[in-house]
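# Summary of the model geometry
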Amino acid sequence: MRLKVDGKEMEAREGALLLELVQVPTLCHHPHTETRGLCRLCLVEVDGRLSPACATEAREGMEVWSDTPGLRALRKTLLEWLLLTTDLSLAPELQALALALEAEPGRWGEVPGRKGREAIEDNPFFLRDYAKCVNCRRCVDACGDGIMGVYALTLTGRGLLAHPTTPLDRPLPETPCVFCGNCVQVCPTGALRPLTEV
Amino acid sequence: MRTTCPYCGVGCQLEPEVRAGRVVRVLAPDLPPNHGALCVKGRFGLDFPFSGKRLLYPMLRERKGAPLRRVSWEEALDFAAHRLHETLKAHGPEALAVFPSAKTTNEEVYLAQKLARVLLSTHNVDHCSRLCHSSSTAALSRALGGASMTNPLEDIWKTDLFLVVGSNTTETHPVIAAMIKKRVRQGARMIVVDPRYTGMAEAATLWLRVRPGTDLFLLNAMARVVVEEGLWNRAYVEERTEGFQAWAESLAPYTLERAEEVTGVPGERIREAARLYATTERAGAYWAMGVTQHTKGTATAQALVNLALATGKVGREGAGLNPLRGQNNVQGAGDMGALPDVLPGYAKVAEEEARRRFEAFWGVPLSPKPGLRMTEVFEAIPEVKAIYLIGEDPMTSEPFQDHTKAQLEALPFLIVQDILENETTPFADVVFPAASFLEKEGTFTNTDRRVQRVRRVLDPPGEARPDWWITRELGRRLAALSGRPWPLHEGPEAIWEEIRRALPGMMGGISYRRLEKEGVRWPCPSEDHPGEAVLFRERFNTPSGRARFFPVDYTPPAETPDEAYPLTLSTGRVLFHWHGGTLSRNSRLEAAYPELKVEVNPRDAARLGIADGERVFVVSRRGRIQARAWVTDRTPEGVVYAPFHFAEAPANRLTQDALDPISRIPEYKVSAVRLEKLD
Ligand code: SF4
Ligand code: SF4
Ligand code: SF4
Ligand code: FES
C-alpha cells in the first residue's frame with residue numbers, strides 16, 4: 001500500500017497506524033492499553049483534516065502532513081494548557097517538548113486547574129497524585145479492558161473537570177484493586193507512583 | 001537491568017530500578033511471558049532482600065543444645081563437610097538427604113543434586129514440588145511421557161475454551177489469570193471447577209461448584225458423557241493413544257445422577273460442560289493445587305489427562321494440558337534432577353542406560369535404587385541422619401506441624417542454607433547465608449518451559465554468598481575427603497555449560513548469549529532451533545509413541561466431617577503472600593495482608609454466631625490455630641478456607657499427612673475441623 005507522508009511517497013503495510021510512519025509526540029497512546037485518540041498531541045493532517053496519528057490507520061493514496069506550522073501551534077497550545085492546569089514536574093519528556101515548542105503558558109493568564117489537589121495515599125504500595133494527572137486514561141484502560149479486567153479505576157466528570165478515580169471515589173483497598181501496579185507502570189506523568197519513590 | 005520474578009512460575013520479566021542499594025520501582029519490559037504486566041508480588045514485593053531477618057554470616061553449633069555462633073566460611077564449610085562425610089562413612093548413603101530448592105537457579109539445583117549423587121552417593125534428593133505438583137508429574141509422565149505444560153502461554157490468545165480445575169489463578173498466577181480473562185472478554189469461554197467463588201469463577205461462562213475433593217468424580221462423569229454421546233475423537237484415539245476401551249468401560253459407574261449426589265453439581269451442568277469441552281477444538285485445560293493436593297491427586301490429574309486424550313486435545317495449538325507450576329523454578333528443579341527417581345532431564349535412575357550415561361559423564365558409579373521422597377525422608381528420621389536443606393522451610397510447609405517438629409528435633413545433623421531466618425532455622429546445626437535472586441546470576445525455568453536469565457543487580461549483604469558458590473565449596477571439601485571428582489566451576493555460566501552437555505537434546509541450544517535477548521523454551525537441541533512451543537504434535541514420549549489411558553476410580557477424602565469436626569477445611573494461598581510467607585511477609589506485601597483470615601460461609605457463621613472480623617479458633621484432630629473470621633460466600637456452606645502463609649497461625653498444624661499412594665503428596669485440601677469462638 002502506498003501513501004504520501006510529508007511530501008514523500010511511502011510504503012506501508014495494511015492496518016498500520018499513522019503513528020508508525022511519522023514522528024509525532026504522543027501522550028495517551030500506549031501499546032498495552034490500546035488507549036488512543038484522547039490527548040490530541042499526535043494530531044496530523046490527513047487529506048486536509050486533523051486526525052490523531054495513534055488512532056488512524058494508513059490507507060492507500062492518503063496524504064499526510066505531520067509537521068506543519070498549524071500543527072506545531074496546536075501542539076504548543078495543548079502543552080501550554082497542560083502546563084497551566086497540571087503539575088508536570090515528574091514528566092521530563094513533556095517538559096522537554098514544551099521547551100522545544102517554545103511554550104509560554106503565561107500568555108493565557110490564570111486558569112483554574114488541578115494543581116492544588118492533594119495526593120491520595122490510601123494503600124501501602126502507591127500514591128495517586130492527581131495534581132499531576134493529564135487525563136490520558138492509560139491507567140483506566142490498564143486496569144480495565146487493556147490488561148487486568150479489574151475495573152478499579154474509572155473516569156468521572158466531563159471536559160476540563162474529567163479525571164480518573166475509583167468507583168464512587170472509594171479508597172483503593174475498598175475496590176476490586178489487586179495492586180498489580182500496571183496502572184502505575186503506564187502512567188506517563190508520575191501521577192501514579194510507588195511509595196518507595198516518593 | 002532485566003531479571004526474572006522470584007515468586008511464581010509465570011516467570012515474569014522485570015526491571016528493578018535500584019537507587020542507593022534499594023529497589024525503588026519495578027517496571028516490566030515488553031517481552032514474553034508477561035509483556036509489560038506484573039502482579040503485586042513482582043511489582044511491590046521485591047524488598048525482602050533488605051529484611052532485618054537476612055542471614056548475614058555463617059553460623060554453627062558444635063552440639064545439640066549449644067547456641068549457634070558466628071564463624072568464618074572456612075570453618076562452617078569444613079565442619080559441614082566433615083559431619084556429612086562421617087555420617088556417610090558410618091551409616092551409608094541412605095542416611096543422607098539433600099533438598100535443593102525450586103526457588104534457586106537451575107545451575108544451583110543441578111550442582112546440589114550432583115553433590116548428593118556424586119559425592120554422597122545418594123538419590124535422596126527432592127524439592128518442594130513434592131508438595132504441589134508431584135501428582136500432575138506422576139499422571140502426565142505415565143500417560144504422555146513428559147510432565148510439563150504441553151502448550152506455551154502465548155496459546156492463551158488462541159484458546160476458545162478454558163477448562164480451569166482447582167486453580168485460584170487470579171491469586172496464584174495473576175498474570176496468567178489476567179491473560180485468560182482478557183481472552184474471555186474477547187469471546188472465549190471458560191469452565192471453572194472449584195468449590196470457591198474465586199476470581200476465575202466470577203469470570204467463568206460455567207462455574208461448577210464441586211464439593212471439596214470430588215473433582216475426580218466430576219471429571220469421570222464428564223468423560224462418561226463424552227463417550228456416551230459419541231463426542232470423543234475417533235481418529236485421534238485410534239492413531240495416537242492406547243487403552244481407550246478399558247478406560248471407557250471403567251466409566252460405567254460415573255452417571256450424572258451419581259455425580260450430582262457426590263459432587264453437588266447438577267447433572268445437566270456437568271453434561272453442558274462435557275459437551276462444551278469436547279466440541280470446542282481449541283480447548284485448553286489448566287489446573288493447580290486444587291487437583292493435586294489430595295489423597296487422589298494423581299488420579300484426578302489422570303482423569304483430566306484421560307478426558308483431554310479422548311477428545312484429542314493434546315499436541316494441538318491453543319489446547320493441551322497445562323499444570324500451572326507454583327514456585328518460580330519448579331519446572332527447572334525437576335528438569336535438573338532434584339527428584340529421587342530421576343537424573344537430570346528425567347532420565348530414570350532405575351534404567352540402566354540412563355544411569356550409564358551419567359556415570360560416564362560424572363565419572364562415578366550411581367546406585368540403581370531410587371532415593372526417598374521428601375515426605376519419606378522426614379519419616380525416616382532418625383535412620384536419615386543428615387539433611388542439607390537449601391531454601392526450604394519444612395516447619396511451615398510440611399503437613400501436621402507438630403510431627404514435623406518432633407522429627408526435626410530428632411535429626412542428628414541439619415544444614416540450613418537460606419537467605420532469611422525462618423521457622424526451620426532454629427533446628428539447624430550449620431547455617432549458610434545465601435544470596436537472594438537480586439544478588440546473583442543464573443537461570444530460572446518458568447511454567448511453560450522457558451529458560452530465563454536471573455541477573456545480579458545488587459551485592460549480597462554481609463557475608464552472604466550465592467547458593468552455587470556455597471554448594472561448590474562444600475563439594476570441594478567433600479571431594480577432598482572422598483577422592484571423588486568435583487570440577488570447580490568458575491560461575492553459573494560454566495555450570496550451565498555442563499548442563500548443556502549433560503542434556504544436549506533438551507538444553508543444547510540454549511546459551512547465555514542467546515538468553516540475553518529473551519527466554520528460550522526447551523526442548524531446544526541446537527542454537528538455531530527456536531525452542532519447542534507445543535509438545536507432542538507428532539508423537540508422545542512413551543516407548544510406543546502413543547499416549548496411554550489409565551482408568552482411575554473415585555475415593556472419598558481421607559477425613560470426612562463428623563459431629564465433632566463438622567466443617568471441611570481447605571487450604572491455599574492469597575494474592576499478597578507466597579507459600580510459607582518467608583519472602584512476602586518480609587516485604588511490603590505484609591502491610592496489605594498482615595494476619596490470617598479464615599473464610600466462613602454466612603450460613604455457617606450465622607449458625608455458630610460468628611460475626612465478620614471476629615477472632616476464632618480453627619480446630620482439627622491435630623491442633624488448633626487462631627484466625628480472624630471473614631464471613632463471605634466465596635466459600636460454600638460447610639467449608640472453611642485458610643491460607644497457609646502465617647507461621648504464627650500455621651494452617652498446616654491442622655492438615656493431616658494422609659498421602660496420595662503414587663505421588664506421596666499430602667491431602668492439604670481436605671481436613672475436618674470445627675470453629676470455636678475465642679471467649
Ligand atoms: S493497581 Fe489496582 S487500580 Fe492499578 S491497574 Fe492494578 S488493579 Fe487496577
Ligand atoms: S493518572 Fe496517569 S495514567 Fe491515569 S489518566 Fe492520569 S496521567 Fe494518565
Ligand atoms: S505473576 Fe508470578 S511471576 Fe508474575 S509478577 Fe506475579 S508473582 Fe511474579
Ligand atoms: S497520543 Fe494520539 S491522541 Fe494521544
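Everything in this summary refers to the structure shown in the same document. If you're wondering where the values come from, they're calculated on a predicted model, not measured in any experiment. (Residues numbered from 1 in each chain as written. Chains lettered and ligands numbered in written order. Predicted model: local features only at pLDDT ≥ 70, side-chain atom pairs only at ≥ 80, totals over all residues. Heavy atoms only, no water.)

Here we take up the overall build of chain B. Each helix and strand in chain B was counted, giving 25 helices and 25 strands. In terms of overall size, chain B behaves like a compact globule, its C-alpha atoms giving a radius of gyration of 24 Å where 679 residues would be expected to give roughly 26 Å. For chain B, the spread of C-alpha atoms along the three principal axes comes to 70 × 65 × 50 Å. Within the span of chain B, comprising 679 residues, buried residues form 67% of the whole. If you take every contact in chain B between residues at least 6 apart in sequence, the share linking residues at least 24 apart comes to 74%. Entry remark: accessible area of chain B is about 22300 Å², with carbon and sulfur atoms responsible for 50%. Across chain B, the centroid of the 87 positively charged side chains sits 2 Å from that of the 86 negatively charged ones. (Helix = DSSP H or I, 4+ residues; strand = E, 2+ residues; numbered from the N terminus. Rg over C-alpha atoms; globule rule 2.2 N^0.38 Å. Buried < 20%, exposed > 50% of the residue type's maximum accessible area, 1.4 Å probe, protein only. Contact = heavy atoms within 4.5 Å. Areas by Shrake-Rupley, 256 points an atom, 1.4 Å probe, with all protein chains shown as cover. Lys, Arg positive; Asp, Glu negative; His and termini not counted. Charge placed at Lys NZ, Arg CZ, Asp CG, Glu CD.)

Our next topic: the interface of chain B and chain A. With 26 residues of chain B at the contact, the number on the chain A side is 25 residues. Carbon and sulfur atoms make up 51% of the area that chain B and chain A hide from each other, which totals about 2000 Å². Together, B:Arg25, B:Phe44 and B:Arg588 form the three largest contributors to the area buried by chain B at its contact with chain A, with a combined 29%. Where chain B meets chain A, there are three salt bridges. The partner of A:Glu197 in a salt bridge is B:Arg19, with the nearest N and O atoms 3.7 Å apart. Listed by contribution, the elements that provide at least two residues to the side of chain B that touches chain A are β2 (13-19), β3 (22-27), α1 (40-44), α6 (174-185) and α24 (589-592) of chain B. Taken together, the residues of the side of chain B that touches chain A break down into 15 nonpolar, two polar and nine charged. (Buried area = accessible area lost by both parts, 1.4 Å probe. Salt bridge = Lys/Arg side-chain N within 4 Å of Asp/Glu carboxyl O. Nonpolar A, V, L, I, M, F, W, Y, C, P; charged D, E, K, R; others polar.)

Residue and element names in this part refer to chain B. The tally for this structure, following the rule as stated, stands at 64 salt bridges over all chains. In this structure, Glu-595 engages Arg-628 in a salt bridge whose closest nitrogen and oxygen atoms are separated by 2.4 Å. On the criterion of sequence distance, the pair formed by Glu-595 in the loop between α24 and β21 (597-600) and Arg-628 in strand β23 (residues 623-631) is long-range, its members being 33 residues apart. For Glu-595, a relative accessible area of 25% corresponds to the partly exposed category.

The next subject is the packing of helix α11 (residues 256-263) of chain B against helix α12 (residues 267-279) of chain B. Residues and elements named next belong to chain B. Their axes nearest at 8 Å, the elements α11 and α12 cross at an angle of 110 degrees. When the axes of α11 and α12 are compared, the pair comes out roughly perpendicular. Regarding α11 and α12, the two cross each other, and that crossing is right-handed. Residue-level inspection shows Leu-256, Ala-259, Glu-260 and Thr-263 of α11 in contact with α12, the latter providing Gly-267, Ile-270 and Arg-271. (Axes fitted to C-alpha atoms, helices over the stretch in contact; angles between N-to-C directions. Parallel < 35°, antiparallel > 145°, perpendicular 65-115°, else oblique. Left-handed = near helix turned anticlockwise from the far one by under 90°.)

Next up on the list: the sheet that holds strand β15 (residues 430-433) of chain B. Residues and elements named next belong to chain B. Pairing in this open sheet of six strands is mixed, and the strands run β5-β4-β15-β14-β13-β6 from one edge to the other. Of all strands in the sheet, those with a lone pairing partner are β5 (69-70) and β6 (96-99), marking the two edges. By the bridge criterion, four bridges tie β6 to strand β13 (residues 386-390) in an arrangement that is parallel. Note on β13: the bridge partner recorded for Leu-96 is Ala-386. (Pairing = 2+ DSSP bridges.)

Glancing now at unusual backbone geometry. B:Pro32 connects to B:Pro33 through a cis peptide bond whose omega is 0 degrees. Mapped onto the elements, B:Pro33 comes out in the loop between β3 and α1. Here the bond from B:Trp522 into B:Pro523 is cis, since omega is -5 degrees, no more than 30 degrees from zero. Considering the arrangement of structural elements, one finds B:Pro523 in the loop between β18 (520-521) and β19 (547-548). Of note in this structure, A:Phe179 is not a glycine but carries a positive phi near 55 degrees. A residue is classified by how much of its surface remains accessible, and A:Phe179, at 5% relative accessible area, is buried. A positive phi is found at B:His35, a non-glycine position, where the angle reads about 45 degrees. Within the secondary structure, B:His35 is located in the loop between β3 and α1. By relative accessible area, which is 36% here, B:His35 ends up partly exposed.

Moving on: the nonpolar core. Residue and element names in this part refer to chain B. One finds Phe-432, Leu-474 and Met-507 to be the most contacted residues of the largest nonpolar core, which totals 138 residues. With near-sequence residues (within four places) excluded, Phe-432 lies in contact with Trp-73, Ala-76, Leu-77, Ala-80, Tyr-388, Ile-415, Val-416, Gln-417, Asp-418, Ile-470 and Leu-474. By size, the runner-up hydrophobic cluster in this structure holds 62 residues, among which are Ala-221, Leu-256, Ala-278 and Ala-547. (Core = buried A, V, L, I, M, F, W, Y, C linked by side-chain atoms within 4.5 Å.)

Every residue lining ligand 3 is accounted for by B:Cys5, B:Tyr7, B:Cys8, B:Val10, B:Gly11, B:Cys12, B:Leu38, B:Cys39, B:Lys41, B:Gly42, B:Pro174 and B:Val175. Tallied by class, residues from the shell around ligand 3 come to nine nonpolar, two polar and one charged. (Near = heavy atom within 4 Å.)

The next point concerns the sheet that holds strand β4 (residues 49-52) of chain A. Residues and elements named next belong to chain A. Strand order in the open sheet formed by five strands is β2-β1-β5-β3-β4, and the pairing between neighbours is mixed. Across the chains shown, the open sheet's two edge strands, defined by having one partner strand only, are β2 (8-11) and β4. In this sheet, adjacent strand axes meet at a mean angle of 35 degrees when their direction is disregarded. In this structure, strand β3 (residues 43-46) lies alongside β4, joined through four bridges in antiparallel fashion. Across the sheet, the residue bridging to Val-46 is Arg-49, located in β4. Helix α1 (residues 69-85) rests against β3, β4 and β5 (63-65) of the sheet, and its axis sits at about 155 degrees to β3.

Looking now at the site of ligand 1. Taken together, the residues surrounding ligand 1 are A:Phe126, A:Cys143, A:Val150, A:Leu153, A:Cys177, A:Val178, A:Phe179, A:Cys180, A:Gly181 and A:Cys183. Split by residue class, the shell around ligand 1 holds nine nonpolar, one polar and no charged.

Okay, the pairing of strand β24 (residues 639-643) of chain B next. All names here are of chain B. Most of β24 is tucked away, with five of its five residues classed as buried. When strand β20 (residues 567-572) meets β24, the two strands line up parallel, connected through five bridges. Among the inter-strand pairings, Thr-571 is bridged to a residue of β24, identified as Ala-642.

To continue, consider helix α19 (residues 401-410) of chain B. By the burial criterion, the buried members of α19(B) are B:Gln401, B:Thr404, B:Gln407 and B:Leu408. Viewed along the axis of α19(B), the buried residues span an arc of 120 degrees, placing them on a single side of the element. (Arc of directions from axis to C-beta.)

Let's shift gears to the packing of helix α3 (residues 106-119) of chain B against helix α21 (residues 492-502) of chain B. All names here are of chain B. In the contact formed by α3 and α21, the axes pass within 9 Å of each other and the chain directions differ by 70 degrees. In terms of axis orientation, α3 runs roughly perpendicular to α21. The way α3 lies across α21 gives a crossing that is left-handed. Between α3 and α21, the contacting residues are Asn-106, Glu-107, Tyr-110, Leu-111 and Lys-114 on the first element and Pro-492, Ile-495, Trp-496, Glu-498, Ile-499 and Ala-502 on the second. Here the residues of the contact of α3 with α21 are counted per class, giving seven nonpolar, one polar and three charged.

In this section: the environment of B:Leu309. Residues and elements named next belong to chain B. Its location among the elements puts Leu-309 in helix α14 (residues 297-310). Residue Leu-309 is classed as buried on the basis of its relative accessible area, which comes to 0%. For the pair formed by Leu-309 and Arg-240, sequence separation is 69 residues and the distance between their alpha carbons is 8.8 Å. For Leu-309, the contacting residues outside a window of four places in its chain are Leu-144, Tyr-236, Val-237, Thr-241, Val-314, Phe-540, Ala-547, Arg-548 and Phe-549.

To continue, consider helix α16 (residues 352-362) of chain B. Residue and element names in this part refer to chain B. Residues of α16 that are buried: Ala-354, Arg-355, Phe-358 and Trp-362. Take α16 and look down its axis: the buried residues cluster within an arc of 95 degrees, on one side only. Seen from the open side of α16, the exposed residues pointing more than 90 degrees away from its buried face are Glu-353, Arg-356 and Ala-360. The inward-facing, buried residues of α16 abut α3 and α21. Of the residues flanking the end of α16, it is Gly-363, one or two places downstream, whose phi is positive at about 75 degrees.

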